[in-house]
Each structure stands twice: as C-alpha cells, then as structure tokens.
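The primary structure of each chain is shown beneath.
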Amino acid sequence: MLVRLLRTYLVPYRTLLAAVIVLQLFGTLAALYLPSLNADIIDNGVAKADTGYILRTGTMMLAVTLVQVVCSVAAVYFGARTAMGFGRDTRAAVFHQVGAFSSREVTRFGAPSLITRTTNDVQQVQIVVLLTCTLMISAPIMCVGGIIMALRQDLGLSWLIVVSVTILVAAIAMIISRMVPQFRLMQTRIDVVNRVLREQISGIRVVRAFVREPVERQRFGAANVALTDTALRVGRLQAFLFPIVLLVLNVSSVAVLWFGAHRIQDGEMQIGSLTAFLSYLLQILMSIMMATFMLILVPRAAVSADRLMEVLDTESSVIPPSEPVTELALHATLELEGVTFTYPGADDPVLRNISVRTGPGQTTAIIGSTGSGKSTLVSLIPRLMDATEGRVLVDGVDVRRLDPALLHGLIGLVPQTAYLFTGTIASNLRYGKADATDEELWQALRAAQADDFVSAMAEGLDSPVAQGGTNFSGGQRQRLAIARAIVHRPEIYLFDDSFSALDLATDSRLRAALRPITRDSAVVIVAQRVSTIVDADQILVIDDGAVMGLGTHDELLAGCPTYAEIVESQLPAEAVA
Ligand SMILES: Nc1ncnc2c1ncn2[C@@H]1O[C@H](COP(=O)(O)OP(=O)(O)OP(=O)(O)O)[C@@H](O)[C@H]1O
Ligand SMILES: [Mg+2]
C-alpha cells in the first residue's frame, strides 16, 4: 500500500528526486573521502614533519568539505520540497475523494476518522518521504562506501566490522519488531480521541444541560489515557534503541583502538590508518542507525498509507453518470417510480415502493410520523443517496443519468437541520447563486420572512455567521436556509420540515410569499403540522416508509384513516368539521 501510494503521488517529483539522489551520492562520497585524507596527513605529513604536504592536503580537505556541505544542503532543500509537495498532493487527493462520497461512505468511515486520515496520516507518510530524501538515500551509500574504504585502510581489522554490525542489527531488529504492532493501535486511538472530542464539542449544550460533564470528562480521559499508554510503550522501546546503538558504537571504538594498537606495535598498520578505520567504522554504524530510524517510521507510515488508500480506493456509492444527460425534455417535474430504499446494513427498507409525480406550479406535501422516512425520501432527489430500487426522475430524466451540476442547479434543498457556513449572511445566501445582487438577496430574505431580523442587525447582510450558524436561533437559521434556496431560483424546491421552527403566523406569511416565487416550480414540503399543508395540491401520507394515501386535504380526510388521525390529533374537533 505504501509503495502504491508513493508510486502514484511521487511521479510529478521524479526530477527533483533524481536530483536529490545525485546530490546525496556526491555529498556522501565527499564525506567518505575525508578520513582517508586525514590519514594521509597523519602518515605522510605529521609523521615526516612535511608542512607543505599538510597544507596541500588540508586545503584539499577544505575543498572536499565544501562540496559535501553544498551537496547536503541542496539535497535537503530539494528533499523537503518533494516531501511537502507530496503531502500537499496526497491531502488534496483524499479531500477530493471524500468530497465525492455520498453520506453512505461518510457514515462508514466517520467524519473524525476522515479528518485524522487527511491530516495526521498524510503527515506520517510525508515524514518518511522527507527522511528518505535527507537520510535514507545517503545511508546505504555511506554503509557500503564506508566498508570499502575501511577495508582499503586495513584488512586485518575487518572482522571487527562484521561483529559490530551483526550485534547492532540484531539488537535493532529485536526492538523494532516489538514496536510495529503498536503503531496501528496508535492511529486508531488518535481516531478515538478525535471522535470523542468532536462529539463533545458539537454536543456541548446537551452535555451541560444534562450535567453529563463528569461522565464526558471520564470518557475523554479514558480515550486520552489509552492513546498515552500506546505512545508511551512506543516511546519506551524507542528510548531503549538509542543507548543500545551508542553502546555498540563505543564498544566497537574501544575494540578498534585495542586491536589496532597491537597491529601498530607489530608494524602491520600505521597510526593514520587506524584513525581512518575508526572514522569509517563510526560512519558505517551511524548509517545503520539512520536506517533504523527510518525502519521505525516506515511501519507507521505503512499503517497510515493503508488508511489513506482505503479512502482513495473507496468508490462513492453515488456514481456520477458516464454519459451525463444535459438536455431536459420537461420543466420543473419530479417523479418517483416505485422507489424503495434500504440503508446499508439495515434489514428492512426505510422506503417502500413509493410513486408520486409533481409538476410546475404544484405543491406536494409529505406528512408522516417521525422516523417514517420523509427526510430519506427527500435526500434521494438531489442524489445525496441513490434509491435501492425504482427510479427518481427530474424533468423526465433519471437522476442517475443527469449531469450532477445540472441536477443540483435544478434543486433548492432546505435541509431539516439548517446548516450555515462561517462567513457573513451575504456569503451564505450567495451559495445559491454566486453573482446575486444585494437586491436579490433582500428579496429572498423578505420572502423567507427573514428581512426583519437581518435588517435589525447592525451590519445587515454583512453580519458575521459563526461556524454552523450557531449565533442564530434555530428559526432564524431555518429562514436563512430558506432564503438561500430562494436565491438559487431552482425548478424544484425541497423543504424538509423547514417550517417547524416558525410560529403559525410567520409560517402562513412565508408560504404566501413563496407562492408567487414558486409559480413555475415544483414544491415539495415535508411537514409535521397539518396547517402548513392544508392547501397543498397533493398530500402524500407515509407511514413506516409506505404510502398510506395521496390526494388533497379533503380527499384524504375522507379516504385515509392515517391522515384523519394525524389531523384529529392536531386540530380541535370543531375546526376540522
Ligand atoms: N444514516 C442512517 N443509517 C441507518 N438508518 C437511518 C439513517 N438515517 C435514518 N435512518 C432510519 O431511517 C428511518 C427514517 O429516517 P428519516 O430521517 O427519513 O425520518 P423522517 O421521516 O425524516 O423523521 P423526522 O420527522 O423525525 O424528521 C428512521 O427509522 C431511521 O432509523
Ligand atoms: Mg426528517
């Protein structure tokens, strides 16, 4: 998975990567050359008291160092650019993928997990790319080059390299194999903390109202402790690693000096060679250590890559049409043909074989008890989800074949829970139509009965809106959402229980103001109150996802017991009669 992710998203950075590799190669070669030069100075310059040789070789060393510094700095610079660019592209890809998800996929992953995946998981992979560019590429060159150079200095001590490398690798392997399983746990625990926190922040009023703070504090505490435990376990293993590496490093140095000294005494080795050998051994072990750090991070990044690919590989269940229809035969017509819908994982359908048709200038009301499937029905029309069976036709075309942009342009949806975005009232209303004039906005606000409270605000249309619109009352938010749909001027209006937070007088004024605006449009009103829908052209009564009746108020009153029951429960008996 990691490989696949990298292969896909590193392609645009091929040239940069190649540059990094070349630069690292030269930088590392320069670093490898230095100890040999140093040995030369000691053996040929110091030992023979040749100042000229020392100066010449010293200048050479300076030049080599300069090459190394320039190459390393440039490599890090390009490496950082590559890694950050990679991170940006991957984040964008995940973001777009999530944007294409229908509510079904979003529910499957859960919003908090999707947020962790787009931020933290991308970062994990990005870190690996960065370290690969800065450390990992030079490590193998350093290791192999170091071994070759060390052997050139002295063959007799080569067994020391074998021993110390073996011990180091064994120790590291043991620790890392214990660390890997903790990483997957860690990412899921970050998800949990995210989820708990998100739930608590968005539900803070409920939490306070029900005095659930202690319980919630405990819940967060538990998630937090779980994450801390895992992180600590990883940290403890990591802490082990460093001393072990240092121990091997230092014991090896002592061994080199010990055995090297004997060889020098026997005249088999020169002092310069010994210092060079020591430097090379340290370089070899350091490069193994650097590779180790990578090995710690790679499994974690692999876990993250899995989680990213899972998102990237998930096809939205609402598939955009391959050959979208852009020509419409009809105008403002909505038709449902035997629509059945089952939520994923549920046994029974939420909607059963619903057929209804509405045309321009017609108002269709949907009424039914809570949980009867009204919102589900409405969400099938703009394809927030797709019907499991049957067809939804807009202007005579199956919505699954309609161009999505065209479809959304035809529909003005006012969702049951009005959602406003951070910004101003004007910026929210212009969601419906980006180039709407202030006059159009005011017109829509007047129709939605929202002009009074908006004009009462000091900044009018430019009044700020907090995230989710929490600085407005439920009824105000609903009216702003209605105004937003009106600005859109759709052919089909969908009001999902949008009048429930309004008092009866405002409700009827709003519907009166809507009438001229929606003259050429189809209007679907989901309502709980009979008074909201008495004058609708047709009323669809649903109960438990099935159609109980379809007709006008009077027809239903006479022929549909379910409807009569609802009416009776809401109106005083004499008003019905
Ligand atoms: N995301 C979901 N996953 C599974 N089941 C769901 C989901 N959303 C809703 N349901 C189920 O579908 C049924 C209908 O829900 P829906 O929101 O359409 O009802 P409604 O008629 O709009 O109710 P209300 O009048 O309270 O708004 C409910 O019984 C609910 O349990
Ligand atoms: Mg609903």
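Further up the page is the structure itself.
Computed from a predicted model, the values in this text were never measured in an experiment.

**Quick word on the site of ligand 1**
Item 1. Near ligand 1 the following residues occur: Y343, V350, T370, G371, S372, G373, K374, S375, T376, Q416 and Q528.
Item 2. With respect to ligand 1, the side chain of Q416 contributes an N or O atom lying 2.6 Å from an oxygen atom.
Item 3. Q528 has a polar side-chain atom sitting 3.1 Å from an oxygen atom of ligand 1.
Item 4. Contact with the protein chains removes 59% of the 640 Å² of surface that ligand 1 exposes when unbound.

**Brief notes about the coordination of the magnesium ion (ligand 2)**
Item 1. Distances from the magnesium ion (ligand 2) to its protein donors, S375 (OG) and Q416 (OE1), fall within 1.8 to 2.1 Å. Note that S375 is positioned in helix α11 (residues 374–380) and Q416 in the loop between β6 (411–414) and β7 (423–424), a separation of 41 residues in sequence.
Item 2. Looking at S375, the relative accessible area reads 28%, which means it is partly exposed.
Item 3. Taking the relative accessible area as the measure of exposure, Q416 reaches 38% and is therefore partly exposed.

**As for the environment of I296**
Item 1. Here I296 is to be found in helix α10 (residues 271–313).
Item 2. On the basis of relative accessible area, I296 is assigned to the buried category, the value being 2%.

**Quick word on the side chain of E491**
Item 1. With respect to the helices and strands, the residue E491 is situated in the loop between α16 (474–488) and β9 (492–496).
Item 2. For the buried residue E491, which engages in no salt bridge, the nearest side chain bearing the opposite charge is R357, 12 Å off.
Item 3. Within the structure, the side chain of E491 is placed 3.2 Å from the side chain of H331, a separation counted as a polar contact.
Item 4. Excluding residues within four positions of it along the chain, E491 makes contact with H331, A332, D395, L410, S521 and A522.

**Details of the packing of aromatic side chains**
Item 1. Scanning the model with the defined rule gives nine aromatic pairs in all.
Item 2. Ring geometry for F341 against Y343: centres 5.0 Å apart, planes inclined by 90°, an arrangement best described as edge-to-face.
Item 3. Classification of F341 by relative accessible area gives buried; the value is 1%.
Item 4. Here the aromatic residues Y419, F421 and Y431 are joined through ring pairs into a cluster of three or more.

**Details of the packing of helix α1 (residues 2–9) against α10**
A pair of packed helices is captured by two measures, namely the crossing angle of their axes and the spacing between those axes.
Item 1. Relative to each other, α1 and α10 sit at 70°, their axes nearing to 8 Å. As judged from the angle between their axes, α1 and α10 are roughly perpendicular. Pair α1 / α10 crosses with left-handed handedness. On the side of α1, the interface is formed by L2, R4, L5 and Y9, while α10 contributes V298, A301, A302, A305, L308, M309, L312 and D313.
Item 2. For the contact of α1 with α10, the class distribution of residues is ten nonpolar, no polar and two charged.

Calculation rules
- Residues numbered from 1 in each chain as written.
- Chains lettered and ligands numbered in written order.
- Predicted model: local features only at pLDDT ≥ 70, side-chain atom pairs only at ≥ 80, totals over all residues.
- Heavy atoms only, no water.
- Near = heavy atom within 4 Å.
- Polar contact = N/O pair within 3.5 Å; in protein donor to acceptor, adjacent residues only side chain to side chain.
- Areas by Shrake-Rupley, 256 points an atom, 1.4 Å probe, with all protein chains shown as cover.
- Donors = N, O, S within 2.8 Å, 3.2 Å for Na, K, Ca; no water.
- Helix = DSSP H or I, 4+ residues; strand = E, 2+ residues; numbered from the N terminus.
- Buried < 20%, exposed > 50% of the residue type's maximum accessible area, 1.4 Å probe, protein only.
- Lys, Arg positive; Asp, Glu negative; His and termini not counted.
- Salt bridge = Lys/Arg side-chain N within 4 Å of Asp/Glu carboxyl O.
- Contact = heavy atoms within 4.5 Å.
- Phe/Tyr/Trp six-rings, centres within 6.5 Å; stacked < 30°, edge-to-face > 60°.
- Axes fitted to C-alpha atoms, helices over the stretch in contact; angles between N-to-C directions.
- Parallel < 35°, antiparallel > 145°, perpendicular 65-115°, else oblique.
- Left-handed = near helix turned anticlockwise from the far one by under 90°.
- Nonpolar A, V, L, I, M, F, W, Y, C, P; charged D, E, K, R; others polar.

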